[in-house]
Amino acid sequence: MSESRAEDVAAIRAVLVASYRAWDAGDADGMVAAYTTDATAVMTGSLRESRDVIRRSMALGFDGPLKGSSTYNKQLSLRFLGRDGAIVVTESGILFPGETEVPDQRRVNATWVLEKRDDRWLIAAYHNSPVLAPAN
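On a predicted model such as this, the values are computed, not experimentally measured, just so you know.

Tyr35, Met58, Trp112 and Leu114 are the most contacted members of the largest nonpolar core, which totals 26 residues. Secondary structure elements with two or more residues in this core: α1 (5-24), α2 (28-31), β1 (35-43), α3 (51-63), β4 (85-95), β5 (108-117) and β6 (120-130). Looking at this core, the element that brings in the most residues is α1, giving six residues.

This part takes up the pairing of β4. Among the 11 residues that make up β4, nine are buried, leaving the element largely enclosed by the rest of the structure. Sheet topology places strand β3 (residues 70-80) next to β4; 10 bridges connect them, and they run antiparallel. Among the inter-strand pairings, Tyr72 is bridged to a residue of β4, identified as Gly93. In textbook terms, the turn of a hairpin is the stretch between consecutive antiparallel strands, and for β3 and β4 this stretch comprises four residues, one of which, Gly82, has a positive phi near 70°. For β4 and β5, the ladder comprises eight bridges, and the chain directions are antiparallel. Considered in β5, the bridge of Thr90 is made with Ala110.

Rules used throughout
- Residues numbered from 1 in each chain as written.
- Predicted model: local features only at pLDDT ≥ 70, side-chain atom pairs only at ≥ 80, totals over all residues.
- Heavy atoms only, no water.
- Core = buried A, V, L, I, M, F, W, Y, C linked by side-chain atoms within 4.5 Å.
- Buried < 20%, exposed > 50% of the residue type's maximum accessible area, 1.4 Å probe, protein only.
- Helix = DSSP H or I, 4+ residues; strand = E, 2+ residues; numbered from the N terminus.
- Pairing = 2+ DSSP bridges.

By themselves, these figures tell us nothing about what the structure is for.
The structure is reproduced here in C-alpha cells:
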C-alpha cells in the first residue's frame, strides 16, 4: 500500500510538532525520540553528531539556561527528496519564561532533513542560522 504525499506531509508535521512539544515540556528524551541514531545538529558554535549527544546537550540546557523555555516555529517550506527524504525549512526561536514573542536577534531559519525508515519519518539532520533583520 503506497502512501500519498499528503499522508507524508501530515506525518512529517506530526514529527516536528512532537519534538516542539517535548521542548516545551523540557523533555530531552521526547525531543529526540524521532531522531535517527546518527542524526546531526549544527547550530552556531556547535556540532552534535548523534541522537545521544543531542539528547545530552538538550537535557543540560533544560536543566540550565533553557529551563522553562518554549519554542516558536513557523513552517516556511517542505519539499521531498525522492520517496524517502524531505527537507523542511522553518523560522524558529526560543521563548524564555514571560516572553510572548521571539526578539529579532534570536530568530533563526532552520533546516530539518527527514528520512523515512521502516515507514516512519525520522529527523536525520537539523541546522539553524540567525535570521538577519532587513535593513531599513
